[in-house]
Amino acid sequence: MPNITRGGNTVGLLAYLLGEGRANEHKDQHIIAGSSSLMFQFGNRTLTHEEALHAGALLDLDRRVHGTSMMGKRTSWDYENEQYRDDGEGPNHVWHVSLSLRPDERPLSDETWARIATDFVREMGFADPDDPNDNPCRWVAVRHGVTKNGGDHIHIALNLVREDGRPSRTWNDYSRAQHTANVLEHKYGLEILDSREHGRGSKGIQPAEQAAALREGKDLTDREALEVRVRAALVVATTEAEFLRELRGQDVIFRPRFARGDTNVVVGYSVALRPRSGGEPKWYGGSSLAYDLTLPRMRQNWHDYSHTRREALELWHHTERATPPDRPEHGGNYDRAIADLTVETIERLRALTPGDRVGLANVASDLAGAYAALAFDMGNTHPHIAATARAFGRLAQLKDDPRQHRVSSLAVRNGVRALRASRAFGKHNRGVAIAASMIEISMALSEAVRYQKQRDTALRIIGEISNVQSAWDMHDLSAADEFRTYIAERRSQATQGREQSNVGVLERPVILETDAPIDTVTPKPEADEVNTDGDTRRMTKQELLATNRFLSVLGSKGKRQGTPTPPPMGTRPRPRPQPPQGRAR
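Below or above, wherever it landed, is the structure these notes cover. All of these numbers come straight from a predicted model, not from anything done at the bench. (Residues numbered from 1 in each chain as written. Predicted model: local features only at pLDDT ≥ 70, side-chain atom pairs only at ≥ 80, totals over all residues. Heavy atoms only, no water.)

Here's the deal with the overall build of the chain
Line of reasoning, step 1. On a plain count of helices and strands, the chain comes out with 21 helices and 12 strands.
Line of reasoning, step 2. Within the span of the chain, comprising 585 residues, buried residues form 52% of the whole.
Line of reasoning, step 3. Long-range pairs, those at least 24 residues apart, make up 72% of the contacts in the chain between residues at least 6 apart in sequence.
Line of reasoning, step 4. As displayed, the chain offers around 27600 Å² of accessible surface, 50% of which is attributable to carbon and sulfur atoms. (Helix = DSSP H or I, 4+ residues; strand = E, 2+ residues; numbered from the N terminus. Buried < 20%, exposed > 50% of the residue type's maximum accessible area, 1.4 Å probe, protein only. Contact = heavy atoms within 4.5 Å. Areas by Shrake-Rupley, 256 points an atom, 1.4 Å probe, with all protein chains shown as cover.)

Here it is, written out as structure tokens:
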């Protein structure tokens, strides 16, 4: 992943890159590629400190000859805290980027890195060695060992002043560098960054926010806590007014952003945690929480009728009228509702076709909302479950804006409400049943993501399962037994529905706009294991080891209490997507 910084000390940067490092961590430091004049004098050998200073001066030659001045924002990388540091305004003609491999990728040769560096500089528009009419920027690529995490990498130091004295164009350089890195990953057969390949993105947390949360003794920053609560409200709401009431029920205050000159049109919103007595709320816009939590994106998830728009507008104008929803009452069949949620979500994941990133984002959004509801219900936004909710929420954040109207099904909404209510009203320890449900769904999501050729994301999802384990007491397994019985019943009913239905199998899962039981959805039939391009559907040894760290907890206790242990999730076959067969005549 490219890591870009800007500064104004060319000589100092080259002295560091070609020196011994802060703690003698640099090994065999040498220039592997660059401008012809620099490569002729300093290429492919270890340099003395004086030679490194001379190389830095030569890199800055065009700027000094033409007297070109470039001023602006400067940034550097804080190696201790592993984050960007703002160095204020000043000379910023030095453009520095590091290109790194993952620690588990094999190191590349100097020749391969040299080709990658040359292609990167060419794609970014800084220098083209094949164009005789080009006025290139002076640049060098330095290799000096592995990163602190063990990943092979190089540094490119470049002077933004061209040979003719013109400053080079740097507009949108970060996005262009990401695109260039993706092109080179494909060209050289490197590991592909899943989020960049599939158009996903997420909002980062600023160091100042993290520091403020630590000072106040909070596990989450205000922005992280608000994202979790907004997701919890979104997953159970079918209208905009319901969403606002759910926010009030989670101690979130909100305010609208109206269209210019028209207070009858709401185009955005801000939210804040309810402040303590005498405190001032800290407001965050929906777009600052997550890409998929802006008001236009969320409106794609709600029913839109004239009376629902009027009701929502009334609440936007009079926020105090948004009364919190009633809590579920005792006596509900919560285990069956959780089972319905589990079966439907797994069926939707199994019905995803390769490349269906929108369908995957929709399921991830529902699952993130379920985890978010649990995180809030378990006491002031449980940090481990909240982290899982945000991790799954990143799968739902598509950078583009796919227009797709959908409303969460009745099984999803009731299942999320049951997940929360069952903790308060269960006779047994319902934590195990809830954990079993979320693990079943999370493993199915991991398998679906892996089917989309996103191996690293699938492994990260498996890692999030440990958060589920740490959140509940895992001693009473009787609730898990009862829950497995409900799961078996619902799957049996779904199978019978497929056999009796005269409707052909659909290419994509049906997400109903109206409230209907899960039995009206025609799931995919069972099929043989799928193997595409050498990527078997069975989980790898690494994935199984990560998964069984949790499953062994249930398995060992289940044997002592006579509870049957289910087979590992990774060994269960996944159905092959079938073409539409039409209606039976």
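Focus: the nonpolar core
Line of reasoning, step 1. V230, F243, L247, Y269, V271, M298 and L445 are the most contacted members of the largest nonpolar core, which has 69 residues in total.
Line of reasoning, step 2. Top element by residues in this core is helix α15 (residues 357-377). It accounts for 11 residues.
Line of reasoning, step 3. Membership of the second largest hydrophobic core comes to 30 residues, among which are L108, M124, L160 and A177. (Core = buried A, V, L, I, M, F, W, Y, C linked by side-chain atoms within 4.5 Å.)

Some details on the pairing of strand β7 (residues 153-162)
Line of reasoning, step 1. Taken across its 10 residues, β7 has 10 buried, putting it largely inside the fold.
Line of reasoning, step 2. Relative to β7, strand β6 (residues 137-143) is paired through five bridges, and the arrangement is antiparallel. Note on β7: the bridge partner recorded for W139 is L158. (Pairing = 2+ DSSP bridges.)

A look at the environment of V343
Line of reasoning, step 1. The residue V343 is located in helix α14 (residues 334-350) in this model.
Line of reasoning, step 2. Judged by relative accessible area, V343 falls into the buried class, the value being 4%.
Line of reasoning, step 3. In this structure the C-alpha to C-alpha distance between V343 and I441, which are 98 residues apart in sequence, comes to 8.4 Å.

Some thoughts on the pattern of salt bridges
Any two side chains of opposite charge can pair if their charged atoms end up close together.
Line of reasoning, step 1. For the structure shown, the criterion picks out 23 salt bridges.
Line of reasoning, step 2. The partner of K218 in a salt bridge is D222, and the shortest N-O contact between them spans 3.0 Å. (Salt bridge = Lys/Arg side-chain N within 4 Å of Asp/Glu carboxyl O.)

Here's the deal with the environment of G145
Line of reasoning, step 1. Locating G145 in the fold gives a position in the loop between β6 and β7.
Line of reasoning, step 2. The residues touching G145, leaving out its near neighbours within four places in the chain, are K27, D152 and H153.

Observations concerning unusual backbone geometry
Line of reasoning, step 1. Of note, the phi angle at D28 is positive, near 50°, even though the residue is not glycine.
Line of reasoning, step 2. Positioned with a positive phi, D251 is a non-glycine residue whose angle comes to about 60°.

Some thoughts on the sheet that holds strand β9 (residues 262-273)
Line of reasoning, step 1. An order of β8-β9-β10 is seen for the three strands of this open sheet, with the pairing classed as antiparallel. Edge positions in the sheet fall to β8 (252-259) and β10 (284-285), since each has one partner strand and no second.
Line of reasoning, step 2. Alignment of β9 against β10, held across two bridges, turns out to be antiparallel. Each bridged residue has a counterpart across the sheet, and for V271 the counterpart in β10 is Y284.
Line of reasoning, step 3. The strands touched by helix α9 (residues 222-236) are β8, β9 and β10; relative to β9, the strand with the most contacts, the crossing angle is about 120°. (Axes fitted to C-alpha atoms, helices over the stretch in contact; angles between N-to-C directions.)

Observations concerning helix α13 (residues 306-317)
Line of reasoning, step 1. Given a rise of 1.5 Å per residue, 12 residues ought to cover 16 Å, and the 17 Å separating the end C-alpha atoms of α13 matches this to within 8%.
Line of reasoning, step 2. When α13 is considered as a whole, its buried residues turn out to be T308, A312, L313, L315 and W316. Summarising the axial view, the buried residues of α13 lie within an arc of 160°, below the 170-degree limit, and thus occupy one face.
Line of reasoning, step 3. Along its buried surface, α13 packs onto α10 (240-249), β8, β9 and α12 (295-299). (Expected span 1.5 Å × (residues − 1). Arc of directions from axis to C-beta.)

What to know about the packing of aromatic side chains
Line of reasoning, step 1. Within this structure, the stated rule accounts for six aromatic pairs.
Line of reasoning, step 2. Here the aromatic rings of F243 and Y269 are separated by 6.4 Å at their centres, their planes lie at 85°, and the arrangement is edge-to-face. On the criterion of sequence distance, the pair formed by F243 in helix α10 and Y269 in strand β9 is long-range, its members being 26 residues apart.
Line of reasoning, step 3. When the ring of F243 is compared with that of W302, the centres are 5.1 Å apart and the planes differ by 40°; the resulting orientation is tilted. Of the two residues, F243 is situated in helix α10 and W302 in the loop between α12 and α13; the sequence distance between them amounts to 59 residues. Here F243 matches W302 in class, with each residue buried.
Line of reasoning, step 4. Put simply, the rings of W95, F120 and F126 pair up and form one aromatic cluster. (Phe/Tyr/Trp six-rings, centres within 6.5 Å; stacked < 30°, edge-to-face > 60°.)

Focus on the packing of α9 against α10
Line of reasoning, step 1. Their axes nearest at 9 Å, the elements α9 and α10 cross at an angle of 140°. On the basis of their axis angle, the class for α9 and α10 is oblique. In this structure, α9 meets α10 at a crossing whose hand is right-handed. Only E242, F243, E246 and L247 of α10 make contact with α9, whose side of the interface consists of R229, V230, A233, L234 and V236.
Line of reasoning, step 2. Among the residues making up the contact of α9 with α10, the classes are represented as six nonpolar, no polar and three charged. (Parallel < 35°, antiparallel > 145°, perpendicular 65-115°, else oblique. Left-handed = near helix turned anticlockwise from the far one by under 90°. Nonpolar A, V, L, I, M, F, W, Y, C, P; charged D, E, K, R; others polar.)

Concerning the packing of helix α1 (residues 10-17) against helix α3 (residues 49-59)
Line of reasoning, step 1. For the pair α1 and α3, interaxial distance at closest approach is 8 Å and the crossing angle is 140°. When the axis of α1 is compared with that of α3, the two are oblique. Of the two elements, α1 crosses α3, and the hand of that crossing is right-handed. The segment α1 lies against α3, with T10, V11, L14 and A15 engaging H49, A52, L53, G56, A57 and L59.

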